[in-house]
Amino acid sequence: MREPIGSFCLVLHTHLPWLNHHGSWPVGEEWLYQAWANSYDPLVSMLHRLAEAGQQDMLTLGITPVLAAQLDDPYTRTAHQTWLADWFWRATEMTTAADPTTRRLGTWEAERANAAMERFETTWRGGASPALRPLADAGVVELLGGPAAHPFQPLRDERMVAFQLELGLDDARLRLGRQPAGIWAPECGYRPGLAKAYAQAGVSHFMMDGPSLRHVGADTHQAHPIAGTDVVAFGRDLDVTYRVWSPKRGYPGGKWYRDFHTHNHQYGFRHSRVTSRSTPSSEKLPYEPAKAAVAVQRDVADFVDTVVDRLTAIQSVTGSPGMTVAAYDTELFGHWWLEGPEWLEQVLTELPKAGVNVTTLAGAIEAGHVGAPIAPESGSWGLGKDWHIWDGPAVRPIVADLATAEGRVLDYLKGVAADGGRNVVADQLVRNLVLAQASDWAFMVSHESAADYAWQRHAAHISAVHELADCVTAVGWDGSAALALAERQRATDGPFGHLDARRLA
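Overview of the structure. Predicted, not measured: the structure shown is a model, and the values here were computed from it.

1. Here we look at the packing of aromatic side chains
Right, so step 1: Across all of its chains, the model carries 22 aromatic pairs by this definition.
Right, so step 2: With a centroid separation of 4.5 Å and an interplanar angle of 10°, the aromatic rings of phenylalanine 152 and tryptophan 390 are classed as stacked. Taken together, the positions of phenylalanine 152 in the loop between strand E3 (141–144) and helix H6 (158–176) and tryptophan 390 in helix H13 (residues 388–391) put the pair 238 residues apart, joining distant regions of the chain.
Right, so step 3: Tryptophan 390 sits in the buried class, given a relative accessible area of 3%.
Right, so step 4: Clustering of aromatic rings is evident, with ring pairs tying together Phe8, Tyr251, Tyr257, Phe303, Tyr328, Phe333, Trp337 and Trp343.
Right, so step 5: Taking the ring centre of phenylalanine 260 as reference, the NZ or CZ of arginine 270 above it sits at 3.9 Å.

Next comes the structure, spelled out in structure tokens:
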């Protein structure tokens, strides 16, 4: 076999905020079940097929602890099974429609739903952890961890940075039997000093955005140790990544692909194709799965050519094989772009045929794709590559609320003995703060995406912090009223049962 022209690392960031018990339609739990059925299930199925074919080191898959908690939760698994059945019966109803196009799409949708129900029984009944652990054990994927509830770390107190990261890594170890070596830094957010916190937690490598490397004169064709540590940073290659999806373009906007934003309100499905970027929803043409499949093959070929050209260019400049890292939210593939999982499988199959070494981030380190140390400045993968999505004018109230709540909790915990027994009130107080710190609420407000829901969720979590803290002020940590309130809060917001406030105190 000829020497590879370079290495390709696909990194998928799988994350949704805590949605259990917080509404259903159109954002709440519906968001989770749609992503589970259309993204997580097809992706895991694809990875199991690759495993059966003997493939290894196919991609790097980040699963945030807060999402893993939901996918393993018996409540969520039962509710998702009900959601799948509803999907099937709505599709079956379409097959009796008078319009032949509606009947055809109903049959196609019912077949998809039926297959998903069967896979739930064989793959997901025990949750996500039993589905993912064999893939990691077999070396098919590298699993990344991360802070517990996906906080925007650059804005957090050093103690909360360390606590959320430790809590998240512990969660992964409990679910998967191992602590991930690498993490996805939430929102690819970085500020100087974070790498030391990563090193102290035993993290060896993490993801940041490409411009954060280039701003200090580095390139993305190598990973780079952060100066003063052994922690290695990988950067997204935006020239390659944006070929698939960017703020303005990408394959999912192709005319034959299913349009995410156009609904058939009678049955609740998306059965129109994009048609064109300028076509109004009311004028979009019916979806044709066979035509979409042809478009997938065309875009696979284009992406393979893009990666080969990129690696060839790197080799011509450096004189040795380089690396390119393409990184995306997992939910792009299937949930937003229905055809995305099929595109992924074909890309991962075709790239090796084109002379590309497909590997993981850990595999890239082993292959020697590591350059000189760097000292990156602050950045993120948000619009503008700065922090304004999470601390700009639109979300200043969120920033202020979080700072106040964080300071109050840290101050209250001084009254919790670190060497005493666990205190369920203190644990829930910290749990409320952890959930409040999710970066999602500020992101959704800044992007005006379900902003009302985001404001409500932010307010509810902040209120829970102060309500419980006020109760502690009134009756003490062991008062019956505080204990009862903590139990009521935990019934709705109770992930991370191993959370121990003493580790923060």
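2. Concerning the packing of helix H1 (residues 28–52) against helix H3 (residues 74–94)
For any two helices packed against each other, the geometry is given by the interaxial angle and the distance between the axes.
Right, so step 1: Put simply, H1 and H3 touch, their axes get as near as 10 Å, and they point 75° apart. For the element pair H1 / H3, the angle class is roughly perpendicular. When H1 is examined against H3, the residues Glu29, Glu30, Leu32, Tyr33, Gln34, Trp36 and Ala37 are found in contact with a partner set consisting of Tyr75, Thr76, Arg77, Ala79, His80, Trp83, Leu84 and Trp87.

3. Considering the sheet that holds strand E6 (residues 224–225)
Right, so step 1: Ordered by their spatial adjacency, four strands build an open sheet running E4-E5-E7-E6, and the pairing between neighbours is mixed. Each of the sheet's edge strands pairs with one partner strand only, and the pair in question is strand E4 (182–184) and E6.

4. Notes on the side chain of histidine 271
Right, so step 1: Topologically, histidine 271 is positioned in the loop between helix H9 (238–244) and helix H10 (289–318).
Right, so step 2: Polar contacts involving the side chain of histidine 271 include one to the side chain of glutamate 109, which spans 2.5 Å.
Right, so step 3: The contacts of histidine 271, once residues within four sequence positions are left out, are Met94, Leu105, Trp108, Glu109, Thr262, Leu285, Pro286 and Tyr287.

5. Observations concerning the pairing of strand E7 (residues 232–235)
Right, so step 1: Residues Val232 and Phe234 point to one face of E7 and Ala233 and Gly235 to the other, with burial holding for every one of them.
Right, so step 2: Here four bridges tie strand E5 (residues 205–208) to E7, and the two strands are oriented parallel to one another. Counted as the bridge partner of methionine 208 is glycine 235 from E7.
Right, so step 3: As judged from the two bridges shared by E6 and E7, these two strands associate in the antiparallel manner. Along E7, the bridge assignment pairs proline 225 with valine 232.
Right, so step 4: The hairpin formed by E6 and E7 contains six residues between the paired strands, and glycine 228 there has a positive phi angle of roughly 90°.

6. Thoughts on unusual backbone geometry
Right, so step 1: With omega at 0°, the peptide bond leading from tryptophan 25 into proline 26 counts as cis.
Right, so step 2: As for its placement among the helices and strands, proline 26 is situated in the loop between strand E1 (6–14) and H1.
Right, so step 3: For threonine 275, which is not glycine, the phi torsion reads 70° and is therefore positive.
Right, so step 4: If you trace the backbone, threonine 275 turns up in the loop between H9 and H10.
Right, so step 5: The phi dihedral of phenylalanine 496 falls on the positive side, at around 65°, and the residue is not glycine.
Right, so step 6: Secondary-structure assignment places phenylalanine 496 in the segment after helix H18 (480–492).

7. Structural notes on the pattern of salt bridges
Right, so step 1: The tally for this structure, following the rule as stated, stands at 29 salt bridges.
Right, so step 2: A salt bridge links glutamate 166 to arginine 503; the nearest nitrogen and oxygen atoms lie 2.2 Å apart. Of this pair, glutamate 166 sits in helix H6 while arginine 503 sits in the segment after H18; the two residues are 337 residues apart in sequence, bridging distant segments of the chain.
Right, so step 3: By relative accessible area, arginine 503 is classed as partly exposed at 45%.
Right, so step 4: When the shortest N-O distance is used, the salt bridge between arginine 175 and aspartate 171 registers 2.7 Å. Taken as a pair, arginine 175 and aspartate 171 lie in helix H6 at a separation of four residues, close to a single helical turn.
Right, so step 5: With relative accessibility at 22%, the residue arginine 175 sits in the partly exposed group.
Right, so step 6: Aspartate 171 gets classed as buried once you look at its relative accessible area, which sits at 3%.

Parameters at a glance
Residues numbered from 1 in each chain as written. Predicted model: local features only at pLDDT ≥ 70, side-chain atom pairs only at ≥ 80, totals over all residues. Heavy atoms only, no water. Phe/Tyr/Trp six-rings, centres within 6.5 Å; stacked < 30°, edge-to-face > 60°. Helix = DSSP H or I, 4+ residues; strand = E, 2+ residues; numbered from the N terminus. Buried < 20%, exposed > 50% of the residue type's maximum accessible area, 1.4 Å probe, protein only. Lys NZ or Arg CZ within 6 Å of the ring centre and 35° of its normal. Axes fitted to C-alpha atoms, helices over the stretch in contact; angles between N-to-C directions. Parallel < 35°, antiparallel > 145°, perpendicular 65-115°, else oblique. Contact = heavy atoms within 4.5 Å. Pairing = 2+ DSSP bridges. Polar contact = N/O pair within 3.5 Å; in protein donor to acceptor, adjacent residues only side chain to side chain. Salt bridge = Lys/Arg side-chain N within 4 Å of Asp/Glu carboxyl O.

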